[in-house]
There are 2 protein chains.
Amino acid sequence: MDAENEQQAAPAETGGVQQRAGLSRRAVIGWAGAGVAIGAAGVGTVAAATMGSDTPAAAAQSQDVPFWGEHQSGISTPVQDRLHFAAFDVITEDRDALVKMLKEWTKAAASITGGREVGGGAVGVVPQSPPDDTGEALGLPASRLTLTIGFGPTLFEKDGQDRFGLKAKRPEALVDLPKFKGDRLEANRSGGDICIQACADDPQVAVHAIRNLARIGMGVVNVRWSQLGFGKTSSTTPDSQTPRNLMGFKDGTHNIAGTDADGLGKHVWVAPGDGQDWMTGGSYLVARRIRMTIETWDRASLQDQEDTFGRTKIEGAPYGKQKERDAPDLAAMPATSHVRLAHPDSNDGLMILRRGYSFTDGTDGLGRLDAGLFFLAYQRDTRKAFVPLQTKLAASDKLNEYITHVGSAHFACPPGVRKPGEWWGQTLFG
Amino acid sequence: MDAENEQQAAPAETGGVQQRAGLSRRAVIGWAGAGVAIGAAGVGTVAAATMGSDTPAAAAQSQDVPFWGEHQSGISTPVQDRLHFAAFDVITEDRDALVKMLKEWTKAAASITGGREVGGGAVGVVPQSPPDDTGEALGLPASRLTLTIGFGPTLFEKDGQDRFGLKAKRPEALVDLPKFKGDRLEANRSGGDICIQACADDPQVAVHAIRNLARIGMGVVNVRWSQLGFGKTSSTTPDSQTPRNLMGFKDGTHNIAGTDADGLGKHVWVAPGDGQDWMTGGSYLVARRIRMTIETWDRASLQDQEDTFGRTKIEGAPYGKQKERDAPDLAAMPATSHVRLAHPDSNDGLMILRRGYSFTDGTDGLGRLDAGLFFLAYQRDTRKAFVPLQTKLAASDKLNEYITHVGSAHFACPPGVRKPGEWWGQTLFG
Ligand code: HEM
Ligand code: HEM
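Reading the values: rules and limits
- Residues numbered from 1 in each chain as written.
- Chains lettered and ligands numbered in written order.
- Predicted model: local features only at pLDDT ≥ 70, side-chain atom pairs only at ≥ 80, totals over all residues.
- Heavy atoms only, no water.
- Near = heavy atom within 4 Å.
- Polar contact = N/O pair within 3.5 Å; in protein donor to acceptor, adjacent residues only side chain to side chain.
- Helix = DSSP H or I, 4+ residues; strand = E, 2+ residues; numbered from the N terminus.
- Nonpolar A, V, L, I, M, F, W, Y, C, P; charged D, E, K, R; others polar.
- Least-squares fit on C-alpha atoms with pLDDT ≥ 70 in both.
- Contact = heavy atoms within 4.5 Å.
- Donors = N, O, S within 2.8 Å, 3.2 Å for Na, K, Ca; no water.
- Buried < 20%, exposed > 50% of the residue type's maximum accessible area, 1.4 Å probe, protein only.
- Pairing = 2+ DSSP bridges.
- Phe/Tyr/Trp six-rings, centres within 6.5 Å; stacked < 30°, edge-to-face > 60°.
- Arc of directions from axis to C-beta.
- pLDDT = per-residue confidence, 0-100.
- Buried area = accessible area lost by both parts, 1.4 Å probe.
- Salt bridge = Lys/Arg side-chain N within 4 Å of Asp/Glu carboxyl O.
- Axes fitted to C-alpha atoms, helices over the stretch in contact; angles between N-to-C directions.
- Parallel < 35°, antiparallel > 145°, perpendicular 65-115°, else oblique.
- Left-handed = near helix turned anticlockwise from the far one by under 90°.
- Expected span 1.5 Å × (residues − 1).

Caption draft 1: Region of interest: the site of ligand 1. Residues and elements named next belong to chain A. Close contacts around ligand 1 come from 28 residues, with G252, T253, H254, H338 and R354 the closest. Between H338 and ligand 1, the recorded distance is 2.9 Å, taken from a side-chain N or O atom to a nitrogen atom. Here R354 contributes a side-chain N or O atom positioned 3.0 Å from an oxygen atom of ligand 1. Only β6 (283-292), α10 (338-342), β9 (369-379), α11 (386-396) and β10 (403-413) provide two or more residues apiece to the shell around ligand 1. Looking at the shell around ligand 1 element by element, the count peaks at 4 residues for α11. Within the shell around ligand 1, the residues separate by chemical class into 16 nonpolar, 8 polar and 4 charged.

This is how it looks when you write it as structure tokens:
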């Protein structure tokens, strides 16, 4: 797919926005250095009509991830550095209002993932109106921003109510997750009717995206909870350096690579015949906020830490082997080690695509760091992936000495929006 | 000062640590690509003795900010991208234990700001012990990490108690901040006996630093509160692109430049004769957690937004002028505009060095973004800088329609640690 052409086509769909002659992020990047004066003090800002959003700066351009496609971006996309994840409650009963918002979201998402403003154009041409875009990402490149949408179980049915006539379309795979052993779930960090996963190499870009979607959704959705992630903990690009989680271990060594079409087809993308047709090409997302009791972990011996995973700390090598990427000898690992329990060979070949981030949300009332892993996993069928795996880990994993699951959510992420004019959720609502 | 020599000298002071033959972050960076096997499965990790911490990778090296010097780094240092700020309560009454910790902190700080591990060496050589360093920054460069320490009023005197025999040394400038109009301060985001400001271009590096200091301080200090900042909102480097705050405005346009020795001497560094001698070369830090009511702001018209600051949104030009860096005509700005009120010409020339960061800490119970500006300002005498300025702003600033101060703290940041062997707080405790 020719990403750039697709993206440049997008604004044409947004209804004459280009005629509004705005100053786009790309144009700012391209021109700011030249010192072009565009402020007209006291009367708002009149942007030069020649500086439309199709004047991309070369540098920014290379940082776009294509928005349009068969699958949503942000799943097999190489993991970006930062995350802002938001779960929304739908606060209207009006299905049309919801659909209208999803269409507006799609346009906005196409715009900002392409490094343009919401509205495709200027932050300020009409002094009497609030700007279309909140502006804090002006001058920043797209930073590989991806926006991925998902629909939670409660969108289909809540308290026995078929809220939007979607009940019959709820996929069987979108189960209510069972209560796992040790779960200490907090309601205000769990659930949600809709989620947006925003990933970017710059947190300001990810935050800007969520904020502007929340703003567009005013009156239709409310943010239920949100989570910032600051250090990716999983890699989907096996040839780059594996990032470390807050326990100091390499995380993402054995994962489904974004380039592994076979693995993605087998374990991640919903295939025709899997269940609800509208999900074909989509994926199921499980999000878990997992707190680490950092203080206890930091007092554990190195031996104990390594026994927890069955891998060495510095190199990340499996027990009995030398290098991080050596094939593991599961029998050489402690029976309760995380990797031995989670490895496909111990689970009839099951794999999930992990895409989590570290978080630190200050300290709790007891002076302990509120930190851990915001676990995100994509899969073709949650019933056959996260549920059995987590049931097993919750029962036996040595890692449980140091972690507690405090938040949980489950979403059906529809297939990609293939071209301008289509919209998020069209296969479900359309 | 020859920063690199100073830094390489540091480990010698740390008591034979280099003999422990460890694998440093720099060595990891330098060697990881070569695929050198260093894991010895099941028996901990034996690092090659040839790979000491004096094998720096060229790339990482250029990312060190000198730790030793007349002034602490992290004040006039060009603002890094990320912040982790922690305020600690001292939980012991034992002055010696506190001094011992400050010495250990200094060694650790010199090590990690230089891109090395805590302990100067290996994450794991003794399987039976917890690793000296928690390890999550292994493989990451120093990322311009700076660590800046400050002492709060309560360290000198708390509930009438002279806790550590420091009461007579409390600087007069380290006032208990008055309650300003509109303040809605939360106790669990305010105060603290000691603070550490960790700034780095990589949040994992900043978080790693605070965590390891907290760990070293176990039994002596507890984290009282901490704050993550993800987008710098002030620039101290006038020639680079000015960052934008969460209101979408350029922030830091008119600030004290890190290279402006005159301005720093006049407004930031405590001079001989200013008061307590132990503070000469130091600076006073005010930290304010300022929440923005983003939802209200986002509904305000562009005109209203620009009137709030007296500057245009996109370009950041002062009213009546064309370019961001044009000298402002204060009379052309609304009387209640933030810039008109805060500009030195309206305040007998007073200036502060602003070094704040944006924050987003998820959402509050009402579905509103808990976001804003974590305001950090350095000054030579708080009584003549922040206090009068904030008194005025609190009374008249149009910006108050959109912000609330919810956290507040004040610290005396001592001068720099000039060379290995000296330690943080030595001029106060020594
Ligand atoms: C705070 C919680 C967790 C931490 C710190 C953690 C950490 C790790 C680490 C360090 C590895 C080894 C390196 C690698 O191959 O990526 C790993 C592997 C893995 N983890 Fe986790 N993990 C956590 C939670 C989970 C959960 C909740 C699941 C699924 C229910 C999970 C599933 C897996 C899988 C499938 C592997 C790959 C095993 C293999 O194929 O070798 N992890 N994890
Ligand atoms: C959320 C709160 C705040 C926001 C969003 C904010 C934003 C801004 C902006 C956009 C500017 C203009 C650009 C610049 O020169 O940097 C500015 C300038 C300034 N602000 Fe703030 N500010 C806030 C709080 C404060 C506070 C609490 C103080 C001090 C008590 C302060 C002191 C100043 C000063 C001294 C200037 C420079 C004025 C000049 O010399 O032109 N600000 N601020």
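Caption draft 2: Quick peek at the relation of the copies chain B and chain A. Least-squares fitting of chain B to chain A yields an RMSD of 0.0 Å, with the transformation described by 0.0 Å of translation along the axis and a rotation of 180°. The operation mapping one copy onto its partner corresponds to a two-fold rotation axis. The C-alpha atom lying nearest the rotation axis in chain B is that of B:D361; the distance is 3.5 Å. Interface overlap between copies: 100% of the residues of chain B at the interface are likewise at the interface in chain A, consistent with a symmetric, same-surface contact.

Caption draft 3: Region of the structure containing the site of ligand 2. All names here are of chain B. Around ligand 2, the structure places 28 residues, and the nearest of them are G252, T253, H254, H338 and R354. One nitrogen or oxygen atom from the side chain of H254 is found 2.5 Å from an oxygen atom belonging to ligand 2. At a separation of 2.9 Å, a nitrogen atom of ligand 2 approaches a polar side-chain atom of H338. When residues of the shell around ligand 2 are traced back to their parent elements, those giving at least two are β6 (283-292), α10 (338-342), β9 (369-379), α11 (386-396) and β10 (403-413). When its residues are assigned to classes, the shell around ligand 2 shows 16 nonpolar, 8 polar and 4 charged.

Caption draft 4: Molecular detail of the coordination of the iron atom of ligand 1. Just one protein atom coordinates the iron atom of ligand 1, and that atom is A:H338 (NE2), at 2.0 Å. Tracing the sequence through the fold places A:H338 in helix α10.

Caption draft 5: Main features of unusual backbone geometry. For A:R144, which is not glycine, the phi torsion reads 55° and is therefore positive. Its place among the elements puts A:R144 in the loop between α4 (95-113) and β2 (146-151). Judged by its relative accessible area of 22%, A:R144 is partly exposed. We note that B:S143 has phi near 55°; this positive angle belongs to a residue other than glycine. Tracing the backbone through its elements, the reader meets B:S143 in the loop between α4 (95-113) and β2 (146-151).

Caption draft 6: Representation of the pairing of β10(A). Residue and element names in this part refer to chain A. Across the 11 residues that make up β10, a large majority, 10, are buried. Where β6 lies against β10, 10 bridges are found, and the strand directions are antiparallel. Residue R288 lies in a different strand from β10, and its bridge partner there is S408.

Caption draft 7: Looking closely at the packing of aromatic side chains. Applying the stated criterion across every chain yields a total of 34 aromatic pairs over all chains. Each member of the aromatic cluster is reached from another via a ring pair, and the members are A:F67, A:W68, A:F88, A:W105 and A:W424.

Caption draft 8: Examining α11(A) more closely. Residue and element names in this part refer to chain A. Buried within α11 we find F386, V387, L389, Q390, L393 and A394. Here the buried residues of α11 occupy an arc of 160° about the axis, which is enough to place them on one side. On the buried face of α11, the contacting elements are β6, α10, β9 and β10.

Caption draft 9: Main features of the confidence of the model for chain A. All names here are of chain A. Summing up the model confidence of chain A, the mean pLDDT is 84 and the portion of residues at 70 or higher is 83%. Of the regions scoring below 50 in pLDDT, residues 1-62 engages in 138 contacts with residues more than four places distant in sequence or in other chains. With a pTM of 0.85, the predicted complex shows an ipTM of 0.80.

Caption draft 10: Here's a closer look at the interface of chain B and chain A. At the interface, 75 residues of chain B touch 75 residues of chain A. Together chain B and chain A conceal approximately 5,900 Å² of surface at their shared face, both sides included; 59% is due to carbon and sulfur atoms. Across the chain B-chain A interface, the total number found is 2 salt bridges. In this structure, A:R211 and B:D298 form a salt bridge, with 2.7 Å as the shortest nitrogen-oxygen distance. The interface formed by chain B and chain A holds 20 residue pairs in polar contact (both at pLDDT 80 or more) in total. Looking at the side of chain B that touches chain A, the elements with two or more residues in it are β1 (82-90), α6 (203-216), β4 (221-229), α8 (294-299), α9 (302-309) and β8 (357-363) of chain B. Counted by class, the side of chain B that touches chain A contains 31 nonpolar, 29 polar and 15 charged residues.

Caption draft 11: Expanded view of the side chain of A:Q305. Within the element layout of this structure, A:Q305 appears in helix α9 (residues 302-309). In contact with A:Q305, not counting residues within four places along its chain, are A:F249, A:W297, A:A300, A:K313 and B:P131.

Caption draft 12: Main features of the packing of α4(A) against helix α6 (residues 203-216) of chain A. Residue and element names in this part refer to chain A. Packing of α4 against α6 brings their axes to within 10 Å, and their N-to-C directions diverge by 155°. In terms of orientation, α4 lies roughly antiparallel with respect to α6. The way α4 lies across α6 gives a crossing that is right-handed. Mapping the contact onto sequence places E104, W105, A108 and I112 in α4 and H208, A209, L213 and I216 in α6. Considered class by class, the residues forming the contact of α4 with α6 number 6 nonpolar, 1 polar and 1 charged.

Caption draft 13: Structural detail: the pattern of salt bridges. Residues and elements named next belong to chain A. Within this structure, the stated rule accounts for 50 salt bridges over all chains. Among the salt bridges present, the one from D304 reaches K398, with a minimum N-O distance of 3.0 Å. Here D304 is found in helix α9, whereas its partner K398 is found in the loop between α11 and β10, with 94 residues between them in sequence. Of the residues examined, K398 reaches a relative accessible area of 13% and is grouped as buried. Salt bridges sharing partners connect three or more residues here, namely E186, R189, R289, R291, D361 and D370.

Caption draft 14: Spotlight on α6(B). Residue and element names in this part refer to chain B. Taking 1.5 Å as the rise per residue, α6 with 14 residues should run 20 Å; its terminal C-alpha atoms sit 20 Å apart, in good agreement. Burial within α6 is extensive, with 12 of its 14 residues counted as buried. Where α6 begins, one side-chain oxygen reaches toward the backbone nitrogen of Q204, 2.8 Å away; that side chain belongs to D202.

Caption draft 15: Structural detail: the environment of A:G248. Mapped onto the fold, A:G248 is located in the loop between β5 (231-232) and α7 (261-267). Separated by 84 residues in the primary sequence, A:G248 and A:F164 have C-alpha atoms spaced 45 Å apart. If we ignore the near neighbours within four places in the chain, the residues touching A:G248 are A:K313, B:T134, B:G135 and B:E136.

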